[in-house]
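Residue-level structural notes
Each chain is listed here by its residues.
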Amino acid sequence: MADDRTTVRALLHRQGRTYADEAGIRLADRPGPLYQLLVLTTLLSTRIRAGVALAAARELFAAGYRTPAAMAAASWQDRVDALGRGHYRRYDERTATMLGTGAQLCLDRWRGDLRRLHHDADGDPGTLRRLLTAFPGIGPTGADIFLREAQTVWPDVRPYADRRALAGARRLGLPTSTARLADLVGGADFGRFASALVRVTLDGDRAREVVATAR
């Protein structure tokens with residue numbers, strides 16, 4: 001257990017930022033940040049590098065599209081242009097459409113406030129995943145991305161570790177059950193922990209750096 005905790009400390013020290021943090025989202029249980037997380041999730045759900053998705057999210061937010069009302073009001077071309085500035089070019093036209101449609105769905109069904117979605121699901125992860133996949137471009141993997149990040153501000157979802165996070169745990173020699181991983185960090189840190197595990201899943205060099213630091 002001591003060795004596992006040393007590895008976790010090294011992991012959080014080197015890779016302990018959530019994707020929301022990196023996208024400039026000050027995540028909180030409020031309508032604006034939760035919608036911004038939904039946008040980021042949509043971008044991360046395509047087959048494109050995470051760094052490009054993060055850059056595109058920052059460009060969309062810099063353009064003022066931080067609420068579903070603002071995203072829905074933007075023209076399709078404006079959304080395409082913002083995605084292009086983030087070098088999100090391979091899927092820019094389709095994603096611009098999905099962002100507009102998703103923003104309108106958020107307004108129509110949840111009155112622009114994803115806390116209503118959380119309330120309707122009563123915090124149940126399975127129900128939350130089903131409701132999230134109603135948004136265009138967000139499938140089961142996308143729902144996992146959203147919940148992995150949202151657990152930072154939705155404590156009833158914790159601990160949430162999807163298959164990518166568990167794969168990262170396996171790569172580092174850590175326990176591969178969510179319950180045992182939760183024993184290694186404080187509850188409030190589990191979201192950062194899960195995101196860090198995903199980073200080492202996607203990048204073997206990062207995993208080797210963590211292991212070297214923990215020795």
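Structure first, text after, so check above.
As a starting point, this report considers the structure included with it. Being a predicted model, the structure only gives us computed values, none of them experimental.

1. Here's the deal with the environment of Asp81
- Looking at where Asp81 falls in the secondary structure, it is placed in helix H6 (residues 76-85).
- Residues Asp81 and Glu93, 12 residues apart in the sequence, show an inter-C-alpha distance of 9.4 Å.

2. Comments concerning unusual backbone geometry
- The step from Arg158 to Pro159 runs through a cis peptide bond, and the omega angle for that step is -10 degrees.
- Notably, His87 is not glycine yet its phi reads approximately 65 degrees, a positive angle.
- Following the sequence through the fold, His87 ends up in the loop between H6 and helix H7 (92-110).
- One non-glycine residue with positive phi stands out, namely Asp122, at about 55 degrees.
- When you line up the elements, Asp122 lands in the loop between helix H8 (114-121) and helix H9 (125-132).

3. Quick look at the layout of surface pockets
- Counted as a void, the largest pocket has a volume near 410 Å³.
- Lining the largest pocket are 21 residues, with Tyr19, Ile48, Arg49, Ala50 and Leu202 sitting closest to its centre.
- Where the lining of the largest pocket is concerned, the elements lending two or more residues are helix H2 (19-22), helix H4 (50-62), helix H10 (140-150), helix H11 (163-171) and helix H13 (190-202).
- Of the residues belonging to the lining of the largest pocket, the class tally is eight nonpolar, four polar and nine charged.

4. A few points about H13
- Helix length check: H13 (13 residues) gives 19 Å between terminal C-alpha atoms against 18 Å at 1.5 Å per residue, within 8%.
- A large share of H13 lies buried, amounting to 10 of its 13 residues.
- When H13 is considered as a whole, its buried residues turn out to be Phe190, Gly191, Phe193, Ala194, Ser195, Ala196, Leu197, Val198, Arg199 and Val200.

5. Remarks on empty space enclosed by the protein
- Applying the stated criterion across every chain, the model contains one cavity of 30 Å³ or more.
- Lining the largest cavity we find Tyr35, Leu38, Val39, Thr42, Met98, Leu99, Gly102, Ala103, Phe135, Pro136 and Ile138.
- For the lining of the largest cavity, the secondary-structure elements that each account for two or more residues are helix H3 (31-44) and H7.
- Its residues assigned to classes, the lining of the largest cavity shows nine nonpolar, two polar and no charged.

6. Quick word on the pattern of salt bridges
- One pass over the full model with this rule turns up eight salt bridges.
- Among the salt bridges present, the one from Glu59 reaches Arg85, with a minimum N-O distance of 3.4 Å. In this pair, Glu59 is assigned in helix H4 and Arg85 in helix H6, connecting sequence segments 26 residues apart.
- The residue Arg192 makes a salt bridge to Asp189 at a minimum N-O spacing of 3.4 Å.
- For Arg192, a relative accessible area of 26% puts it in the partly exposed group.

Rules of the game
Residues numbered from 1 in each chain as written. Predicted model: local features only at pLDDT ≥ 70, side-chain atom pairs only at ≥ 80, totals over all residues. Heavy atoms only, no water. Helix = DSSP H or I, 4+ residues; strand = E, 2+ residues; numbered from the N terminus. 1 Å grid on protein atoms, 1.4 Å probe; cavity = no way out; pocket = protein on both sides within 12 Å on 5 of 7 lines; lining within 4 Å. Points joined across faces, edges and corners; volume = space filled by probe spheres on them. Nonpolar A, V, L, I, M, F, W, Y, C, P; charged D, E, K, R; others polar. Expected span 1.5 Å × (residues − 1). Buried < 20%, exposed > 50% of the residue type's maximum accessible area, 1.4 Å probe, protein only. Salt bridge = Lys/Arg side-chain N within 4 Å of Asp/Glu carboxyl O.

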